[in-house]
There are 2 protein chains.
Amino acid sequence: MTLVDPVLQRSSPVPLYFQVAQHLEAAIERGDLRVGDRLENEVTLSERWGLSRPTVRQAIGDLVDKGLLVRTRGVGTQVVRRRVQRQVQLTSLFEDLRSSGQQPTTSVLVLERAPADDEIAEHLGLPSGSEVVHIERVRRARGVPLAVLRNWLPVTVAGSIERAALEEHGLYECLRTVGAHVHSAQQRIGARAASAAEARLLEVRRGAPLLTMERSASDDRARPVEWGSHVYDARAYSFTVNLQSG
Amino acid sequence: MTLVDPVLQRSSPVPLYFQVAQHLEAAIERGDLRVGDRLENEVTLSERWGLSRPTVRQAIGDLVDKGLLVRTRGVGTQVVRRRVQRQVQLTSLFEDLRSSGQQPTTSVLVLERAPADDEIAEHLGLPSGSEVVHIERVRRARGVPLAVLRNWLPVTVAGSIERAALEEHGLYECLRTVGAHVHSAQQRIGARAASAAEARLLEVRRGAPLLTMERSASDDRARPVEWGSHVYDARAYSFTVNLQSG
DNA sequence: TAGTGGTCTAGACCACATT
DNA sequence: ATGTGGTCTAGACCACTAC
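Residues numbered from 1 in each chain as written. Chains lettered and ligands numbered in written order. Predicted model: local features only at pLDDT ≥ 70, side-chain atom pairs only at ≥ 80, totals over all residues. Heavy atoms only, no water.

Peer 1: So what exactly am I meant to see when it comes to the protein's contact with DNA strand C here?
Peer 2: Neighbouring DNA strand C are 24 residues, the closest being Arg10(A), Leu16(A), Thr55(A), Arg53(B) and Arg57(B). The sugar-phosphate backbone supplies 69% of the atoms of DNA strand C found within 4 Å of the protein. Between Arg57(B) and DNA strand C, the recorded distance is 2.7 Å, taken from a side-chain N or O atom to a phosphate oxygen. Backbone polar atom of Gly74(B) to a base oxygen of DNA strand C: 3.2 Å apart, as the coordinates give it. At the level of elements, α1 (16-30) and α3 (53-66) of chain A together with α3 (53-66), β1 (69-72) and β2 (76-79) of chain B are the ones that each hand at least two residues to the surface near DNA strand C. Tallying contributions element by element places α3(A) first for the surface near DNA strand C, with three residues. Taken together, the residues of the surface near DNA strand C break down into seven nonpolar, nine polar and eight charged. (Near = heavy atom within 4 Å. Polar contact = N/O pair within 3.5 Å; in protein donor to acceptor, adjacent residues only side chain to side chain. Helix = DSSP H or I, 4+ residues; strand = E, 2+ residues; numbered from the N terminus. Nonpolar A, V, L, I, M, F, W, Y, C, P; charged D, E, K, R; others polar.)

Peer 1: What's the story with the relation of the copies chain A and chain B in this structure? I'm lost.
Peer 2: One chain copy maps onto the other through a rotation about an axis and a shift parallel to that axis. By a simple turn and slide, chain A fits onto chain B: the slide is 0.1 Å along the axis, the RMSD is 0.2 Å, and the turn is 180°. Taken together, the rotation and translation relating the two chain copies correspond to the operation of a two-fold axis. Across chain A, the rotation axis passes nearest the C-alpha of Pro209(A), at a separation of 2.3 Å. Here 100% of the interface residues in chain A have copies in chain B that are interface residues too; the copies meet face to matching face. (Least-squares fit on C-alpha atoms with pLDDT ≥ 70 in both. Contact = heavy atoms within 4.5 Å.)

Peer 1: Would you take a moment to explain the interface of chain A and chain B for this structure?
Peer 2: In many analyses, interface size is given as the accessible surface area lost on bringing the parts together. Taken together, the contact pairs 42 residues of chain A with 42 residues of chain B. Summed over both sides, the interface of chain A with chain B buries roughly 3,500 Å², with 50% coming from carbon and sulfur. The tally of links between chain A and chain B comes to zero salt bridges. Taken together, chain A and chain B are joined by 12 residue pairs in polar contact (both at pLDDT 80 or more). (Buried area = accessible area lost by both parts, 1.4 Å probe. Salt bridge = Lys/Arg side-chain N within 4 Å of Asp/Glu carboxyl O.)

Peer 1: Can you help me understand the pairing of strand β10 (residues 237-244) of chain A in this one?
Peer 2: Every other side chain in a regular strand lies on the same face of the sheet, so the side chains alternate between the two faces. For β10(A), a buried count of seven out of eight residues is recorded, marking the element as mostly surrounded by other parts of the structure. Pairing analysis gives six bridges linking β10(A) to strand β7 (residues 184-193) of chain B, with the strands arranged antiparallel. Pairing of Asn242(A) across the sheet is with Gln186(B), part of β7(B). (Buried < 20%, exposed > 50% of the residue type's maximum accessible area, 1.4 Å probe, protein only. Pairing = 2+ DSSP bridges.)

Peer 1: Looking at this model, I keep getting lost on the protein's contact with DNA strand D. Mind explaining?
Peer 2: The local shell around DNA strand D holds 24 residues, among which Arg53(A), Arg57(A), Arg10(B), Leu16(B) and Thr55(B) are the closest. In DNA strand D, atoms within 4 Å of the protein come from the sugar-phosphate backbone in 69% of cases. The backbone of Gly74(A) places a nitrogen or oxygen atom 3.1 Å from a base oxygen of DNA strand D. Between Thr77(A) and DNA strand D, the recorded distance is 3.3 Å, taken from a side-chain N or O atom to a phosphate oxygen. Considering each element in turn, the surface near DNA strand D owes the most residues, three residues, to α3(B). Per-class residue counts for the surface near DNA strand D are seven nonpolar, nine polar and eight charged.

This is the structure in structure tokens:
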């Protein structure tokens with residue numbers, strides 16, 4: 001037995017199944033349970049830990065959903081991955097530089113209220129011509145521009161966002177501090193040649209390959225929160241997408 | 001009450017919670033339940049349908065995971081989306097043409113066994129120089145080439161794949177018929193300028209923007225199944241990525 | 001205060017994979 | 001034949017939201 005029993009706190013507000021899931025996830029992360037290892041069966045675990053089987057099952061089920069475990073009827077439960085993978089990650093020179101201690105920067109070109117044109121209004125589910133917050137930013141590393149980020153948000157959501165916050169933190173971080181929680185987003189990733197204006201902003205030649213991303217984001221009541229249209233220098237950025245059971 | 005009761009078949013091998021989930025999903029899809037509508041509470045539903053509350057809860061939970069419903073404690077369960085969204089979808093001229101009745105084609109340039117170079121061997125978790133299956137295909141619509149798809153697979157997985165199958169069906173479809181089930185995949189999406197060779201194959205000018213995708217796929221025991229490196233004409237393809245609770 | 005979902009129990013029987 | 005996960009029941013109490 002390499003798996004230590006969890007220390008369960010029944011008085012804690014943290015649900016028991018969650019405590020168990022955290023314990024198992026930590027054991028996998030630490031390497032106590034390795035890829036390919038089998039867990040003991042659910043009945044044995046629940047008896048040893050003094051829990052009902054459904055409670056243990058819920059914990060295991062959560063880790064299955066996270067992609068760390070697989071259950072096979074008649075066989076058992078096995079570890080298949082050591083770490084949780086994020087669904088989508090923008091792997092960028094910008095983040096690499098930040099984590100390696102260098103200081104990339106974000107400068108805000110535009111932060112204004114303006115009437116929405118038809119396309120923006122449609123994306124945000126607002127009447128055409130409604131006032132919206134329009135943000136335009138440039139990301140630079142060592143002074144070299146790498147990305148141009150353009151966003152439009154309902155005034156009700158982003159009316160109080162400040163320029164200084166946007167230069168220090170990501171947009172979603174700013175939205176959280178204002179109480180807007182993004183629940184789901186749809187992104188469209190493509191590529192195209194740089195227009196003259198984009199080439200000027202990004203200091204690349206006209207026609208250079210750019211990675212593009214358009215995004216619609218909504219809160220948990222399906223209300224539109226943000227629409228964005230971003231372009232990235234293709235040499236500096238790529239997207240990583242992780243899929244399961246496809 | 002706009003929601004019709006489900007017809008439950010207790011003798012069916014289909015689980016009750018799944019029958020309920022299908023019934024709710026169909027009602028949402030049909031529009032009987034619209035975005036914003038609230039379900040009756042779980043206790044009432046389970047009593048009316050002659051099921052235990054956990055069974056009804058599991059059905060609702062599955063649709064929450066699919067992103068169709070949201071549950072809020074003290075409030076209730078609401079519809080937030082009408083259709084299930086696929087996690088990642090390659091939206092392409094190719095698929096558009098197929099669904100509009102036109103006939104796009106896939107031609108197999110290469111289907112061979114060859115020793116893996118270091119990079120391929122690493123991606124497939126094999127010793128360097130191991131024999132692998134190497135596939136190279138071109139996708140065309142109306143005779144115009146739109147994508148070049150290059151894949152490498154372990155011989156144990158793809159040893160019996162045939163040229164004709166690859167010209168008729170997608171790679172993953174072929175893998176399923178051979179008993180290889182892809183469980184998870186990691187994709188890296190980027191952009192770059194077309195090399196001379198790529199420009200020739202895709203009939204674009206050298207330096208034209210291409211959308212690129214590299215993919216590692218594994219089965220449910222975390223064994224590598226496939227590694228692929230694809231390039232797409234950026235005018236014809238884009239990726240759609242759907243995120244939740246991010 | 002009333003009503004909702006969130007958590008938990010202690011069983012039961014079944015389907016499937018392995019031996 | 002055995003052991004595993006898959007499904008299901010009939011309750012219980014709690015935490016949160018809205019009024």
